[in-house]
Amino acid sequence: MRIINLYPGSFGSNCYLVEHEGHALIVDPSASAAAILRRLEADGCTPDAILLTHGHFDHIMSIDTLREAVPGLPVCIHASDAPMLTDGDKNAFAFFFRKERTWGAADRLLANGDVITVGSAAFRVIHTPGHSPGSVCYLCESESAMLTGDTLFADSIGRWDLWEGNAVTLRRSLDLLETFDKTLTIYPGHGDTETLGRALAVVPAFF
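Bear in mind the structure is a predicted one, so any value in this text is a computation, not a measurement. (Residues numbered from 1 in each chain as written. Predicted model: local features only at pLDDT ≥ 70, side-chain atom pairs only at ≥ 80, totals over all residues. Heavy atoms only, no water.)

Points about the packing of aromatic side chains
Under the criterion given, the structure shown has 10 aromatic pairs. An angle of 80° between the planes, with centres 5.0 Å apart, marks the rings of phenylalanine 11 and phenylalanine 57 as edge-to-face. Of this pair, phenylalanine 11 sits in the loop between strand S1 (2–5) and strand S2 (16–20) while phenylalanine 57 sits in the loop between strand S4 (46–51) and helix H2 (63–69), and the two are 46 residues apart along the sequence. Seen from their ring centres, phenylalanine 11 and phenylalanine 97 are 5.5 Å apart, and the 50° between their planes marks the pair as tilted. With a gap of 86 residues between them, phenylalanine 11 in the loop between S1 and S2 and phenylalanine 97 in helix H3 (residues 93–97) connect regions that are remote in the sequence. A relative accessible area of 45% means that phenylalanine 11 is categorised as partly exposed. Looking at phenylalanine 97, the relative accessible area reads 35%, which means it is partly exposed. (Phe/Tyr/Trp six-rings, centres within 6.5 Å; stacked < 30°, edge-to-face > 60°. Helix = DSSP H or I, 4+ residues; strand = E, 2+ residues; numbered from the N terminus. Buried < 20%, exposed > 50% of the residue type's maximum accessible area, 1.4 Å probe, protein only.)

See below:
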């Protein structure tokens, strides 16, 4: 399995392609649809789904253009973040730019424990609210990989001052991540990869 970062995406967000056995998951499509589809074609991979770690605008920029280009390509997001796609206040675009921007509704609403496959590999949905109510991490134990979105970065944690963010809830989610294998490689929504253990070591500085 390969996890490819198409950084820089829009607003400095990471966009990951998870490729395995000729199939791919597009995670947080901040990069342009054209760039994503060019890379998938070059790699000989068919996109199976768009996975969102959460619903803030900088992680969803290309979902509609991708759906237009690949009919039937589903957008998947945790149910608690689903309203963010269709509301410019909730997805924070209006907060930063003082104007409305919305996207189409999700095709599949996720819940904690759901499993999404790419080829023969499986990712489990870990609900980690706090940065947003429906923030999730995607864990692939067979590859020792976790896509953490804006819950946890290599040297920082997600903010909690946007719609329905909550510091107490985020701390609980980070405590949950403490229960996982510390040698996992995390692929965050911004910045570099890191081991889970080293990333979690900085958490006490923020509370």
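Things to note about the nonpolar core
Ile26, Ile36, Ile50, Leu52 and Ile63 are the most contacted members of the largest nonpolar core, which totals 27 residues. Here this core takes three residues from helix H1 (residues 33–43), the largest share from any one element. If we ignore the near neighbours within four places in the chain, the residues touching leucine 52 are Asp28, Pro29, His59, Ile60, Ile63, Val75, Cys76, Ile77, Leu85, Val136 and Tyr138. Ranked by size, the runner-up nonpolar core spans 19 residues in total, among them Ile116, Val136, Ala145 and Leu147. (Core = buried A, V, L, I, M, F, W, Y, C linked by side-chain atoms within 4.5 Å. Contact = heavy atoms within 4.5 Å.)

Topic: the sheet that holds strand S8 (residues 121–127)
One open sheet holds the six strands; their spatial order is S7-S8-S9-S10-S11-S12, and the pairing between them is mixed. The strands lining the two open edges of the sheet, one partner per strand, are strand S7 (115–118) and strand S12 (194–195). Across four bridges, S8 lies against strand S9 (residues 136–140) in antiparallel orientation. Paired with valine 125 across the two strands is tyrosine 138, which belongs to S9. (Pairing = 2+ DSSP bridges.)

Some remarks on the confidence of the model for the protein
Scored by pLDDT, the protein has a mean of 97; 100% of the residues are at 70 or more. Looking across the protein, the model is least confident in H3, with a mean pLDDT of 96, and most confident in S9, with 99. (pLDDT = per-residue confidence, 0-100.)

Describing the sheet that holds S2
Strand order in this open sheet of six strands is S1-S2-S3-S4-S5-S6, and the pairing throughout is mixed. The two strands at the open ends of the sheet, each matched to only one other strand, are S1 and strand S6 (108–110). Between one strand axis and the next, the sheet turns through 25° on average, direction left out of account. Most of the contacts of H1 go to S2, to which it runs at about 20°, and overall it touches S1, S2, strand S3 (23–27) and S4. (Axes fitted to C-alpha atoms, helices over the stretch in contact; angles between N-to-C directions.)

A short note on unusual backbone geometry
Note the cis peptide between tyrosine 7 and proline 8, where omega equals 0°. Of note, proline 8 is situated in the loop between S1 and S2. The phi torsion at arginine 98 lies on the positive side, around 60°, for a residue other than glycine. Positionally, arginine 98 belongs in the loop between H3 and S6. Of note in the backbone geometry, glutamate 164 takes a positive phi value of approximately 60° without being a glycine. Mapped onto the secondary structure, glutamate 164 falls in the loop between strand S10 (145–149) and helix H4 (167–177).

Side note on the side chain of aspartate 81
Summarising the element assignment, aspartate 81 is placed in the loop between strand S5 (75–78) and H3. Buried and unpaired, aspartate 81 has lysine 90 as its nearest opposite-charge partner, separated by 11 Å. Of note is the side chain of aspartate 81, whose polar atom sits 2.6 Å from the backbone nitrogen of glycine 134. (Lys, Arg positive; Asp, Glu negative; His and termini not counted. Salt bridge = Lys/Arg side-chain N within 4 Å of Asp/Glu carboxyl O. Polar contact = N/O pair within 3.5 Å; in protein donor to acceptor, adjacent residues only side chain to side chain.)

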